[in-house]
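A closer look at the structure
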Amino acid sequence: MFKSVLERPGVPSDMTVLVNGVETPAWDGETVASVLLRVPDAGRRSPVSGKPRLPYCQMGVCFECLAIVDGVSSTQGCLVPVRQGMRIASQRGPREISR
């Protein structure tokens, strides 16, 4: 399964973020999407079929990494670096479009 390139055995994490209310270790330089790949059932659900989806392209093209970050929905997790105390929640419905 996915293992963060930043995660190293015996090396303590740099910070803690909340993913769906659960404290999760994270490392400086890691993105929200890479954290979501390590947390069971933290990916989003397809608004069409309801099937689970996970971050895929890691460069902002596919939108499979949409999450609610610090209360802001439809955030592309692959483009957002984690920071101490960040609150991340799975986005289960369709993405919101700003006008």
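Please read all numbers here as calculations on a predicted model, not as lab measurements. (Residues numbered from 1 in each chain as written. Predicted model: local features only at pLDDT ≥ 70, side-chain atom pairs only at ≥ 80, totals over all residues. Heavy atoms only, no water.)

A separate point is the overall build of the protein chain. Looking only at helices and strands, the protein chain features 1 helix and 7 strands. Along the chain direction, N to C, the helices and strands of the protein chain fall in the order β-β-α-β-β-β-β-β. Burial analysis of the protein chain (99 residues in total) assigns 40% to the buried set. Residue pairs in contact within the protein chain that sit at least 24 positions apart in sequence constitute 39% of those at least 6 positions apart. In the form shown here, the protein chain has an accessible surface area of approximately 6100 Å², with 56% of it arising from carbon and sulfur atoms. (Helix = DSSP H or I, 4+ residues; strand = E, 2+ residues; numbered from the N terminus. Buried < 20%, exposed > 50% of the residue type's maximum accessible area, 1.4 Å probe, protein only. Contact = heavy atoms within 4.5 Å. Areas by Shrake-Rupley, 256 points an atom, 1.4 Å probe, with all protein chains shown as cover.)

This part is about the sheet that holds strand E6 (residues 72-76). In space, the 5 strands of this open sheet follow the order E2-E1-E7-E5-E6, with mixed pairing throughout. Every other strand in the sheet has two partners, leaving strand E2 (22-26) and E6 as the edge strands with one partner each. Each adjacent strand pair in this sheet contributes to an overall mean axis angle of 40°, direction not counted. (Pairing = 2+ DSSP bridges. Axes fitted to C-alpha atoms, helices over the stretch in contact; angles between N-to-C directions.)

Residues of the protein chain with pLDDT of at least 70 account for 84%, and the chain-wide mean is 86. Within the protein chain, strand E1 (residues 15-19) carries the highest mean pLDDT (96), whereas strand E3 (residues 44-45) carries the lowest (84). (pLDDT = per-residue confidence, 0-100.)

What follows covers the nonpolar core. One finds Val17, Val19, Val32, Val82, Met86 and Ile88 to be the most contacted residues of the largest nonpolar core, which totals 15 residues. Sorting the residues of this core by element identifies E1, helix H1 (32-38) and strand E5 (66-69) as the ones contributing at least two each. Sequence-distant contacts of Ile88, defined by excluding residues within four places in its chain, comprise Val17, Leu18, Val19, Asn20, Val32, Leu36, Ala67 and Ile68. (Core = buried A, V, L, I, M, F, W, Y, C linked by side-chain atoms within 4.5 Å.)

As a further point, take the side chain of Thr24. Positionally, Thr24 belongs in strand E2. Overall, the relative accessible area of 8% leaves Thr24 in the buried class. A polar atom in the side chain of Thr24 sits 3.0 Å from the backbone oxygen of Val22. Dropping the residues within four chain positions of it, Thr24 is found in contact with Met15, Thr16, Val17, Val19, Val35, Arg38 and Val39. (Polar contact = N/O pair within 3.5 Å; in protein donor to acceptor, adjacent residues only side chain to side chain.)

As paired strands, E5 and E6 are joined by 3 bridges and run antiparallel to one another. Across the sheet, Val69 pairs through a bridge with Val72, a residue of E6. Counting the residues in the hairpin turn of E5 and E6 gives 2 residues, including Asp70, whose phi is positive at 50°. Sheet topology places E5 next to strand E7 (residues 87-90); 3 bridges connect them, and they run antiparallel. The partner of Ala67 across the bridge, within E7, is Ser90.

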